[in-house]
Protein chains: 2
Amino acid sequence: MTDPSASTPTLALAIGDPCGISPELTAGLLADPSLTSVARIIVIGDRRVLAMGAKHAGVSLDLPIATSRAEACASSQTVLWDQANLDPGEVTLGRISERGGASALANFRAAIDFARYGTVDGVCFTPFNKAAMRLAHPAYEDEVVFLTEELDFTGMASEFNVLDGVWNARVTSHVPLSAVAGLITKDLILENLILTHDALLAAGFAEPRIAVAALNPHAGDGGNFGREEIDVIAPAVEEAKARGIGCAGPYPSDTVFLRARDGQFDAVLTMYHDQGQIAMKLMGFDKGVTLLAGFGFPVCTPAHGTAYEIAGKGVANLGAARNAIRLAARMAATARGATRKDEALNAIS
Amino acid sequence: MTDPSASTPTLALAIGDPCGISPELTAGLLADPSLTSVARIIVIGDRRVLAMGAKHAGVSLDLPIATSRAEACASSQTVLWDQANLDPGEVTLGRISERGGASALANFRAAIDFARYGTVDGVCFTPFNKAAMRLAHPAYEDEVVFLTEELDFTGMASEFNVLDGVWNARVTSHVPLSAVAGLITKDLILENLILTHDALLAAGFAEPRIAVAALNPHAGDGGNFGREEIDVIAPAVEEAKARGIGCAGPYPSDTVFLRARDGQFDAVLTMYHDQGQIAMKLMGFDKGVTLLAGFGFPVCTPAHGTAYEIAGKGVANLGAARNAIRLAARMAATARGATRKDEALNAIS
């Protein structure tokens, strides 16, 4: 178990796909003292892959190495748990490989295990290559599905995109556009509002302000271009408000992100994938963080991909990866604060 | 008829809603010598409304005034055709009014008449207030529908949004999102590609480059999240290419505007309203121009609205309105060049 009285939380950091920029990003993160001060990190991956990353990043790492789960847990400082699962010579930079996917998947699984048993307060990973993951594990759909399966999770979890103080969550995701309207229900929107509210609270927002995007152009124009705003979305917003969730809408989706960017809202709940992704990517979301929330611990990763085309060149930008660590650390610290408060209350009662 | 040998084209400029910033924008445009040099303008509206606008804008206008269509046509310089249709005292700044809507509608109708009979090469208008238009004319839906009815037009016309060299056209517009997938057909996409190509040519693009947005997330991910890309959009793109139209796609809609913004494409054809509007508004489309093309003459207006909240304060930004005049003038000049070329060819043959 992590020590709730410790001043900093513990995060597991899984090394992602070894054929892209993930090794050098991981090394860059570990060489950044501003990060190692916000969290104790258990790095999970092969020491040879990390050494390659350090070479590419031009940093030297002086990291204790654990060769077993027990050793990794026992360390009070940032440590590499060597998985000894990939010799970098077995893969080629810039090329998708099953071996690379298998190692990333094994690292991720070990990180999830640490989190499920409370060894760490949160999970981060440097980018995966989905195609490589699928070569290693054909049933691999995405991180949310994998986590759900690994954890035998039956609750409600969701993916958030976070950029410069604007959060984006979505009610539907990887489904045909033609199916979206039929999938939008009052209950599903309400569940997503609760999840978004809770995730914002967990990230330290005292009074989260969530904007809900409309489904139809001009928010349906009073029912002229669709009735989902009237029949489904507005009732969900009203019920959420009645439950004390700070939310408003539905707002036309072509202006709601302008308002969020201007600071009027902390998060935008969109009805479908591209509604949010078009906006977030234009606002520079590749510099942002993808957060998976609802699993009981935060899972954070940079929003960008493996960038095979620049792998090994030492030019990968650390910004989004740093933000991923910081967000996970902040959410983990907030959860610790809440735990300490609960314990204090228990001690009093 | 306009004189094709004249060095500058003639535009009709209808004064829009009198209760917002349209009067001051109109006055500001007319006081800008950089605009009156690219086009001869026939301003259509009430002289008292324009005088009010000049006062608000803090400009003095020395404009010949025509009191009849014949006088307006006879003038070889920029001229106001006084419609004597609204005493500004009859309306209140910042308040929707039927009288205001009726005057804007009458001005627009007169401008369209000028264009249909060849008196002008293009039409511009300062912003309308749709609610006011509807008070005056309950059947008023939007400018495209009104033009179609006024002109007994049976061809294909479309609305374009233009911002900093990025054009956006859409295959469907003011329909429920649930209806979009069913409305997307190969023929409709092809028609829109031809229309977009022609409009770009008319605006002086020698070799237009059009990106076609996908309908589904991740462009359908090879059919996993919808098949419209495979069954409908790609075949339309292929047929358009075979007809010599410079187009490509379908591209995921969450990155296609990034590529257009980077200069890889001149235009993006989107499948539905918000797909383009989310992107264009985030890129600052309120500074952009709305172009209605396909009617045989360009119709341009600033993309922003009547801004009732700042009406009369003299702070309205002229940028988008200037761009509207410039785009209409450029398209009109291109059409004139084409006409002169046709005439030269006819003279030779």
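Keep in mind the model is a prediction, meaning the values are calculated, not measured. (Residues numbered from 1 in each chain as written. Chains lettered and ligands numbered in written order. Predicted model: local features only at pLDDT ≥ 70, side-chain atom pairs only at ≥ 80, totals over all residues. Heavy atoms only, no water.)

To continue, consider helix α9 (residues 186-202) of chain B. Residue and element names in this part refer to chain B. Along its 17 residues, α9 runs 24 Å from first to last C-alpha, staying within 8% of the 24 Å computed at 1.5 Å per residue. Burial in α9 covers these residues: Ile189, Leu190, Asn192, Leu193, Leu195, Thr196, His197, Ala199 and Leu200. The positive-phi residue at the C-terminal boundary of α9 is glycine 204, with phi of around 100°. (Helix = DSSP H or I, 4+ residues; strand = E, 2+ residues; numbered from the N terminus. Expected span 1.5 Å × (residues − 1). Buried < 20%, exposed > 50% of the residue type's maximum accessible area, 1.4 Å probe, protein only.)

All names here are of chain B. What you see with strand β4 (residues 79-82) is no split at all: Val79 and Trp81 on one side and Leu80 and Asp82 on the other are buried throughout. With four bridges joining them, strand β2 (residues 40-45) and β4 adopt parallel strand pairing. Counterpart to valine 43 in the pairing with β4 is leucine 80. Two strands pair when backbone bridges link them, and strand β3 (residues 65-66) and β4 are joined in this way by two bridges, in the parallel orientation. The residue of β4 that forms the bridge with alanine 66 is tryptophan 81. Crossover handedness for the path β3 to helix α4 (residues 69-74) to β4: right-handed. (Pairing = 2+ DSSP bridges. Right-handed = clockwise from strand over helix to strand, strands pointing away.)

What follows covers the sheet that holds strand β12 (residues 299-302) of chain B. All names here are of chain B. Here twelve strands make up an open sheet; going across it, the order is β3-β4-β2-β1-β5-β12-β11-β6-β7-β10-β8-β9 and the pairing mixed. Of all strands in the sheet, those with a lone pairing partner are β3 and β9 (247-251), marking the two edges. Direction of pairing for strand β11 (residues 289-293) relative to β12: antiparallel, over a ladder of four bridges. The partner of leucine 292 across the bridge, within β12, is valine 299.

Quick look at the relation of the copies chain A and chain B now. Each copy superposes on the other: chain A lies on chain B with an RMSD of 0.0 Å after a rotation of 180° and an axial shift of 0.0 Å. Overall, the copies show the geometry of a two-fold rotation axis. The share of interface residues of chain A whose copies in chain B are also at the interface is 100%, consistent with both copies meeting through the same surface. (Least-squares fit on C-alpha atoms with pLDDT ≥ 70 in both. Contact = heavy atoms within 4.5 Å.)

To continue, consider the side chain of Ser22(B). Residue and element names in this part refer to chain B. Relative to the elements of secondary structure, serine 22 occurs in helix α1 (residues 22-30). A residue is classified by how much of its surface remains accessible, and serine 22, at 0% relative accessible area, is buried. Not counting residues within four places of it along the chain, the set of residues in contact with serine 22 comprises Gly16, Asp17, Thr126 and Pro127.

On to the pattern of salt bridges, then. Tallied over the full model, the rule gives 24 salt bridges over all chains. Where Glu90(A) meets Arg99(A), a salt bridge forms, and the shortest distance between an N and an O atom there is 2.7 Å. Judged by its relative accessible area of 33%, Arg99(A) is partly exposed. For the salt bridge of Glu159(B) with Arg170(B), the shortest nitrogen-to-oxygen distance reads 3.5 Å. Pair noted here: Glu159(B) is in strand β6 (residues 158-163) and Arg170(B) is in strand β7 (residues 166-170), with a separation of eleven residues, a long-range link. Among the residues examined, Arg170(B) registers a relative accessible area of 7% and is labelled buried. Salt bridges sharing common partners tie together Lys186(A), Glu239(A) and Arg243(A). (Salt bridge = Lys/Arg side-chain N within 4 Å of Asp/Glu carboxyl O.)

Now for helix α7 (residues 143-150) of chain A. All names here are of chain A. All of the buried residues in α7 are Glu143, Val144, Phe146 and Leu147. The buried residues of α7 occupy one face: seen down the axis, they fall within an arc of 165°. On its buried face, α7 is in contact with α5 (98-116), β5 (122-125), α6 (130-136), β6 (158-163), β11 (289-293) and β12 (299-302). The N-capping residue of α7, defined by a side-chain oxygen 3.2 Å from the backbone nitrogen of valine 144, is aspartate 142. Aspartate 152, located one to two residues past α7, shows a positive phi value of around 45°. (Arc of directions from axis to C-beta. Polar contact = N/O pair within 3.5 Å; in protein donor to acceptor, adjacent residues only side chain to side chain.)

Each partner contributes to the interface: chain A provides 31 residues, whereas chain B provides 31 residues. Summing both partners gives a buried area of about 2,800 Å² for chain A against chain B, and 63% of it is carried by carbon and sulfur. On inspection of chain A and its partner chain B, the count reaches ten residue pairs in polar contact (both at pLDDT 80 or more). A class-by-class count of the residues in the side of chain A that touches chain B yields 15 nonpolar, eleven polar and five charged. (Buried area = accessible area lost by both parts, 1.4 Å probe. Nonpolar A, V, L, I, M, F, W, Y, C, P; charged D, E, K, R; others polar.)

What follows deals with the pairing of strand β7 (residues 166-170) of chain A. All names here are of chain A. Of all five residues making up β7, five are buried, and the element is well covered by its neighbours. Where burial is concerned, the two faces of β7 agree: the one with Val166, Asn168 and Arg170 and the one with Trp167 and Ala169 are both buried. Here β6 runs beside β7; their pairing, made up of four bridges, is antiparallel. Paired with asparagine 161 across the two strands is asparagine 168, which belongs to β7.

Moving on, we get to empty space enclosed by the protein. Per the counting criterion, the structure on display carries four cavities of 30 Å³ or more. Lining the largest cavity are Leu215(A), Pro217(A), Tyr272(A), Thr172(B), Ser173(B), Val175(B), Pro176(B), Leu177(B), Val180(B), Tyr272(B), His273(B) and Asp274(B). At the level of elements, α8 (177-183) and α12 (273-282) of chain B are the ones that each hand at least two residues to the lining of the largest cavity. For the lining of the largest cavity, a count of residues per class yields eight nonpolar, three polar and one charged. (1 Å grid on protein atoms, 1.4 Å probe; cavity = no way out; pocket = protein on both sides within 12 Å on 5 of 7 lines; lining within 4 Å. Points joined across faces, edges and corners; volume = space filled by probe spheres on them.)

Within this structure, the stated rule accounts for 21 aromatic pairs over all chains. With a centroid separation of 5.6 Å and an interplanar angle of 65°, the aromatic rings of Phe160(B) and Trp167(B) are classed as edge-to-face. Each ring, one from Tyr251(B) and one from Phe265(B), has its centre 5.6 Å from the other, and the planes form 40°; the classification is tilted. With a gap of 14 residues between them, Tyr251(B) in strand β9 and Phe265(B) in the loop between α11 (256-261) and β10 (267-270) connect regions that are remote in the sequence. Linked through ring pairs, Phe108(A), Phe125(A), Phe128(A), Tyr140(A) and Phe146(A) together constitute an aromatic cluster. The ring of Tyr251(B) has Arg259(B) lying over it, and the distance from NZ or CZ to the ring centre is 4.5 Å. (Phe/Tyr/Trp six-rings, centres within 6.5 Å; stacked < 30°, edge-to-face > 60°. Lys NZ or Arg CZ within 6 Å of the ring centre and 35° of its normal.)

This part is about the confidence of the model for chain A. With 94% of its residues at a pLDDT of 70 or more, chain A has an overall mean of 93. Here the predicted complex scores 0.88 on pTM and 0.87 on ipTM. (pLDDT = per-residue confidence, 0-100.)

Here helix α12 (residues 273-282) of chain A crosses α12(B) at 20°, and the two axes come no closer than 9 Å. As the angle between them shows, α12(A) and α12(B) are arranged roughly parallel. The two elements α12(A) and α12(B) meet at a crossing, and its hand is right-handed. Listed contacts from α12(B) to Gln275(A), Ile278(A), Ala279(A) and Leu282(A) of α12(A) are Gln275(B), Ile278(B), Ala279(B) and Leu282(B). Split into classes, the residues belonging to the contact of α12(A) with α12(B) amount to six nonpolar, two polar and no charged. (Axes fitted to C-alpha atoms, helices over the stretch in contact; angles between N-to-C directions. Parallel < 35°, antiparallel > 145°, perpendicular 65-115°, else oblique. Left-handed = near helix turned anticlockwise from the far one by under 90°.)

Let us look at the side chain of Arg170(B). Residue and element names in this part refer to chain B. A polar contact is formed between the side chain of arginine 170 and the side chain of glutamate 159, at a distance of 3.5 Å. A distance of 3.5 Å separates the side chain of arginine 170 from the side chain of asparagine 161, its partner in a polar contact. Ignoring any residue separated from it by four or fewer positions in sequence, one finds arginine 170 in contact with Ser158, Glu159, Asn161, Asn192, Leu269, Thr270, Tyr272, His273 and Gln277.

Moving on, we get to the packing of helix α9 (residues 186-202) of chain A against helix α10 (residues 228-242) of chain A. All names here are of chain A. As a packed pair, α9 and α10 sit with axes 9 Å apart at the nearest point and diverge in direction by 40°. It follows from the interaxial angle that α9 and α10 lie oblique. Considering how the two elements wind past one another, α9 and α10 form a crossing that is right-handed. Packed against α9, whose contacting residues are Lys186, Ile189, Leu190 and Leu193, the element α10 presents Val232, Ile233, Pro235, Ala236, Val237, Glu239 and Ala240 at the interface. When its residues are assigned to classes, the contact of α9 with α10 shows nine nonpolar, no polar and two charged.

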